[in-house]
Amino acid sequence: RWLPALRRRCGLAVKRLSGMGLAAEGRVLRAVLYVYHNRLLRHRPYLALQQVEQCLKRLWKMNLVGCIETLAGLIPKQVNEPQAHAECLVPSQPMLETVALKVLGGCKLILRLLDCCCKAFLLSVQHLCSEEFILLNTVASGLLSRLWFVIQYRCVLQSLTSLYGILLTSLHLVSETQQMPYIKGFTFPSDISNFLGVNVSSEVKKQKARMLTTKKPTSWMKKLFSTMPEAVSEVGKKRRFATCRTAVKNCSIPCPTDIGEPVL
């Protein structure tokens, strides 16, 4: 009875971890860090962005998606009702222990990633209010809020915690049938919230409240993107248009080089 449920939870966790949004935000973050590497080595928001990128890198290097996909491949695709009490192939205890341990580590890493995103976002907004490195901090604040939203919107952490619950049940059932302990000296926690040290839902709500109640940098935005006065005469518009046309006509290109050909 628990085999179809385990397969469904594995598929859901893989789908939410391997989404395009998380990978795209990771690529954008690496590009931003590469562009600003030599100019902002000691800038606090830049250092906070490096911590976010380090968490993402560790999350991909632990190959959590591949491990869960391997476990899902070992589960029979169809289990008929008459065969519910018959013999069938199930994943071994070492395999279940390995995946459960990686899921625990992945939950810890995602919690750390969310915390780093929140801290880096607050630092970026703080430096925006101080009118420091406006371009970088504007890009960073938007990127971090999208990354945080992608993780929460796709419920990545919630899918992993629910997967761990069914994994623990499966592990107990398999170990009762055949004892093959693989990971020794570690007791798998029965409640993942106690292992993580925080309640997942309350922690997410707390981070969301911190990010939404941050002082918004509206003063410099109004100066930067000041609106034009409404009472602009048509004569002024035509005069500026004529000036622009004259400037374009007077512009001359020194040599007619075809930009489509390679220049040695």
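Predicted model only: the values in this text are computed from it and were never measured.

(A) Spatial organisation of the overall build of the protein chain. A tally of regular secondary structure across the protein chain gives 11 helices and 0 strands. Ordered by position in the sequence, the α and β elements of the protein chain form the string α-α-α-α-α-α-α-α-α-α-α. Sorting the 264 residues of the protein chain into buried and exposed places 38% on the buried side. The long-range share in the protein chain, meaning contacts at least 24 apart out of those at least 6 apart in sequence, stands at 86%. For the protein chain, the exposed area adds up to about 17,100 Å²; of that, 58% sits on carbon and sulfur atoms.

(B) A look at the pattern of salt bridges. Applying the stated criterion across every chain yields a total of 4 salt bridges. A salt bridge links E53 to K57; the nearest nitrogen and oxygen atoms lie 3.9 Å apart. Within this pair, E53 and its partner K57 are both found in helix α3 (residues 44–61), separated by 4 residues, close to a single helical turn. For E53, a relative accessible area of 16% corresponds to the buried category. Given the relative accessible area of 42%, K57 is considered partly exposed. Connected through salt bridges with shared partners, the residues R112, D115 and K119 form a single ionic network.

(C) Broad picture of the side chain of Q93. Along the polypeptide, Q93 turns up in helix α5 (residues 93–129). Using a relative accessible area of 5% as the deciding quantity, one classes Q93 as buried.

(D) Quick peek at helix α1 (residues 2–17). For α1, spanning 16 residues, the distance from its first C-alpha to its last is 22 Å, which sits close to the expected 22 Å at 1.5 Å a residue. Among all positions in α1, only W2, L3, A5, L6, C10, A13, V14 and L17 are buried. Angular distribution of buried residues about the axis of α1 spans 165 degrees; they occupy a single face of the element. Of the residues in α1, the exposed ones pointing more than 90 degrees away from the buried face are R8 and K15.

(E) Summary view of unusual backbone geometry. Here the phi dihedral of N63 falls at roughly 55 degrees; this positive angle occurs in a residue that is not glycine. By the element assignment, N63 lies in the loop between α3 and α4 (64–73). The class for N63 is partly exposed, based on a relative accessible area of 44%.

(F) Up close: the environment of M62. With respect to the element layout, M62 can be found in the loop between α3 and α4. Classification of M62 as buried rests on a relative accessible area of 17%. Residues M62 and G105 lie 43 residues apart in sequence; the distance between their C-alpha atoms is 8.9 Å.

(G) Region of the structure containing the side chain of S175. On the secondary structure map, S175 appears in helix α7 (residues 156–177). Under the relative-accessibility criterion, S175 is labelled buried at 13%. There is a polar contact of 2.9 Å between the side chain of S175 and the backbone oxygen of H172.

(H) Quick look at the confidence of the model for the protein chain. Per-residue pLDDT for the protein chain averages 75, and the proportion of residues at 70 or more is 70%. Confidence, expressed as mean pLDDT per element, reaches its minimum in the protein chain at helix α11 (residues 234–250) with 48 and its maximum at α4 with 90. Across residues 227–238, confidence stays below pLDDT 50; counting only partners more than four residues off in sequence or on other chains, it has 2 contacts. Every residue in residues 247–260 is under pLDDT 50, and counting partners more than four places away or in other chains gives 0 contacts.

Cut-off values and rules
- Residues numbered from 1 in each chain as written.
- Predicted model: local features only at pLDDT ≥ 70, side-chain atom pairs only at ≥ 80, totals over all residues.
- Heavy atoms only, no water.
- Helix = DSSP H or I, 4+ residues; strand = E, 2+ residues; numbered from the N terminus.
- Buried < 20%, exposed > 50% of the residue type's maximum accessible area, 1.4 Å probe, protein only.
- Contact = heavy atoms within 4.5 Å.
- Areas by Shrake-Rupley, 256 points an atom, 1.4 Å probe, with all protein chains shown as cover.
- Salt bridge = Lys/Arg side-chain N within 4 Å of Asp/Glu carboxyl O.
- Expected span 1.5 Å × (residues − 1).
- Arc of directions from axis to C-beta.
- Polar contact = N/O pair within 3.5 Å; in protein donor to acceptor, adjacent residues only side chain to side chain.
- pLDDT = per-residue confidence, 0-100.

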